[in-house]
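Each chain, written out:
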Amino acid sequence: MRARSEIKFGNYLLDDFQKEAIDYLLDGYSVLVSAPTGVGKTLIADYLIAQAIKEGKRVIYTAPIKALSNQKYKEFKEWHGEEKVGIITGDVVINSEADVLIMTTEIFRNMLQQEKEELIGLSHVIFDEIHYLSDESRGTVWEESIIFMPPEVRLLGLSATIPNA
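As the structure is a prediction and not an experimental result, all values here were calculated from the model.

Asks: So what exactly am I meant to see when it comes to unusual backbone geometry here?
Replies: Working note: non-glycine residues mostly have negative phi, and peptide bonds are mostly trans. Although it is not a glycine, Asn95 adopts a positive phi angle of roughly 55 degrees. Tracing the chain through its elements places Asn95 in the loop between β6 (93-94) and β7 (100-104). The backbone of Glu129 shows a phi angle near 60 degrees, a positive value even though the residue is not glycine. Along the chain, Glu129 turns up in the loop between β8 (122-128) and α5 (139-148).

And the structure:
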């Protein structure tokens, strides 16, 4: 693992848990971050996305609902530029070959089953609200997404409420 030094991202000085998660991600590991709301889990995803763009890698950001997907699309587009960010939902497809693709987890699972070209060059998948794994009606979507991901792709799971992390 990398030696942890003081890391600043944007206007934020990263906390130890953020630095540790980022170090592991950059060293090629998958990471699960479970921490309370408001402490900076999403900053880890933001860092990973910025690093991927810088290195010419691709990242998929999944969210459990379309509203969150749309919100993330708007944010990432503002930060990284319209040409670097795309979104795929049930009713919208914008820039599907972008470095950063935002989608619901259901769309990602369906994409895995169809071996879409959107998976080419993919380095990481970010599962926001990964605690949906335990949802009785939708949890299988997260399970199947993780199981069917290409073996070379790493994941970052984010949750404030994942039980028994």
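Now that the structure has been shown, we can carry on.
Asks: Sorry, what's going on with the sheet that holds β8 here?
Replies: Two pairing modes exist for strands in a sheet, parallel and antiparallel, and in both the strands are linked by backbone hydrogen bonds. A sheet is described by the order of its strands in space; here 7 strands give the open sequence β3-β9-β8-β4-β7-β5-β6, paired in mixed fashion. With one partner strand each, in any of the chains shown, β3 (31-34) and β6 form the two edges of the open sheet. Summarising the sheet, β3 and strand β9 (residues 154-159) pair through 4 bridges and their orientation is parallel. Its bridge partner being in β9, Val31 is matched across the sheet by Leu156. In the packing of helix α2 (residues 41-55) onto the sheet, contacts are made with β3, β4 (58-63), β7, β8 and β9, and the angle to β9 comes to roughly 155 degrees.

Asks: It is not clear to me how the environment of Lys74 should be interpreted in this structure. Could you clarify?
Replies: Structurally, Lys74 can be placed in helix α3 (residues 66-80). On a C-alpha basis, the gap between Lys74 and Val85 in space is 9.1 Å, while along the polypeptide they are 11 residues apart.

Asks: Even after reading the chapter, I still don't get the side chain of Arg109, so can you show me in this structure?
Replies: Considering the arrangement of structural elements, one finds Arg109 in helix α4 (residues 105-114). Polar contacts involving the side chain of Arg109 include one to the side chain of Asn110, which spans 3.0 Å. Excluding residues that lie within four positions of it along the chain, Arg109 makes contacts with Val141, Glu144 and Ser145.

Asks: Any chance you could explain the environment of Ser30 here in plain terms?
Replies: Within the fold, Ser30 resides in the loop between α1 (16-26) and β3. Considering only alpha carbons, one finds Ser30 and Gly139, 109 residues apart in sequence, at a separation of 19 Å. Excluding residues that lie within four positions of it along the chain, Ser30 makes contacts with Arg154 and Leu155. Within the local environment of Ser30, its side chain forms a polar contact with the backbone nitrogen of Leu155, the two atoms lying 3.0 Å apart.

Asks: Quick question: what am I supposed to make of the environment of Thr161 here?
Replies: With respect to the element layout, Thr161 can be found in the segment after β9. Here the alpha-carbon distance between Thr161 and Glu144, two residues 17 residues apart in the chain, equals 20 Å. Within polar-contact distance, the side chain of Thr161 engages the side chain of His131 at 3.3 Å.

What counts and how
Residues numbered from 1 in each chain as written. Predicted model: local features only at pLDDT ≥ 70, side-chain atom pairs only at ≥ 80, totals over all residues. Heavy atoms only, no water. Helix = DSSP H or I, 4+ residues; strand = E, 2+ residues; numbered from the N terminus. Pairing = 2+ DSSP bridges. Contact = heavy atoms within 4.5 Å. Axes fitted to C-alpha atoms, helices over the stretch in contact; angles between N-to-C directions. Polar contact = N/O pair within 3.5 Å; in protein donor to acceptor, adjacent residues only side chain to side chain.

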